[in-house]
Amino acid sequence: MSLLDEALRLASFGWAVFPCWTVVGGVCACGTVNCSSAGKHPCSALVRHGLSEATTDTEMIRSWWTKLPDCNISLLCGAQSGLVVIDVDVSHGGNFSIEQFSLPETVTVQTGEGYHLYFRYPDPEKYNIRSRVNALGVGVDVRANGGC
């Protein structure tokens, strides 16, 4: 499956997506020497305003990935997409921090140094869940409003 096809599939779930730079030969395609967020930040050649341009619009998604087909896919988290992601970074001890919680089974995606757990965003009228680093312990971040 191509990255375009995957971006369209994710958008079909109501999850807003946007393109991020990719990594080529261990270096971020953004061109910044020693980029600290290689492959994890918005592709400014396509989305000048970053995650605020995330969309489920199929024509926009097709346009982005037709122009730069190797872009990584990023999901907008939070109430808009109905998504909360727990980001467990095993290399920073996240596997030990997350063990203190009894979490329900959910969609889990392996990442470079850990995994993401996907949950439905609860009632946005009652909750405003913000993205935070180490929110659930060392190496366990929450991606929600204001994050991807």
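Position numbers for residues start from 1 in each chain and track the written sequence from start to end. Totals for whole chains, interfaces and linings use all residues, but because this is a predicted model, local features are given only for residues with pLDDT of at least 70 and pairs of side-chain atoms are given and counted only at 80 or more. Hydrogen atoms and water are omitted, and side-chain values are computed over all heavy atoms in the structure.

1. Overview of the confidence of the model for the protein
Then comes step 1: Each residue carries a pLDDT score, the predictor's confidence in it, ranging from 0 to 100. For the protein, per-residue confidence averages 94 on the pLDDT scale, and 100% of positions sit at 70 or higher.
Then comes step 2: A helix here means a DSSP run of H or I that spans at least four residues, while a strand means a run of E at least two residues long, and both kinds are numbered starting from the N terminus. No element of the protein has a lower mean pLDDT than strand β6 (residues 107–111), which averages 91, and none a higher one than helix α2 (residues 58–67), which averages 98.

2. Things to note about unusual backbone geometry
Then comes step 1: For Asn-34, which is not a glycine, the phi torsion comes out positive at approximately 55°.
Then comes step 2: By the element assignment, Asn-34 lies in the loop between β3 (27–28) and α2.
Then comes step 3: Owing to a relative accessible area of 73%, Asn-34 belongs among the exposed residues under this scheme.
Then comes step 4: One non-glycine residue with positive phi stands out, namely Asn-134, at about 55°. Classification of residues uses two cut-offs on accessible area relative to the type maximum, computed with a 1.4 Å probe and protein chains only: under 20% is buried, over 50% is exposed, and between them is partly exposed.

3. A look at the environment of Pro-19
Then comes step 1: Residue placement: Pro-19 occurs in strand β1 (residues 17–20).
Then comes step 2: For the pair Pro-19 and Ser-97, spaced 78 residues apart in sequence, the C-alpha to C-alpha distance is 30 Å.
Then comes step 3: Contact criterion: two residues are considered in contact whenever any of their non-hydrogen atoms come within 4.5 Å of each other. Filtering out sequence-adjacent residues up to four positions away, Pro-19 remains in contact with Pro-42, Cys-43, Leu-46, Val-47, Trp-64, Trp-65, Cys-71 and Asn-72.

4. A closer look at the sheet that holds strand β7 (residues 114–120)
Then comes step 1: Two strands are counted as paired when DSSP detects at least two bridges linking them. Spatially, four strands are ordered β6-β7-β5-β8 in an open sheet, and the strand pairing comes out antiparallel. Each of the sheet's edge strands pairs with one partner strand only, and the pair in question is β6 and β8 (140–143). Neighbour to neighbour, the strand axes of the sheet diverge by 20° on average, direction disregarded.
Then comes step 2: Across five bridges, the pairing between β6 and β7 is antiparallel. When the bridges of β7 are listed, Thr-111 appears paired with Gly-114. With axes taken as lines fitted to C-alpha atoms, and helix axes fitted only over the stretch in contact, angles between N-to-C directions fall between 0 and 180 degrees.

5. Some details on α2
Then comes step 1: All of the buried residues in α2 are Ile-61, Trp-64 and Trp-65. Each buried residue of α2 lies within a common arc of 85° when the element is viewed along its axis, so the set occupies one face. Projecting away from the buried face of α2 at angles above 90 degrees are the exposed residues Glu-59, Thr-66 and Lys-67.
Then comes step 2: Close packing links the buried residues of α2 with α1 (3–12), β1 and β4 (72–75). The reported arc concerns the directions from the helix axis to the C-beta atoms and nothing else.

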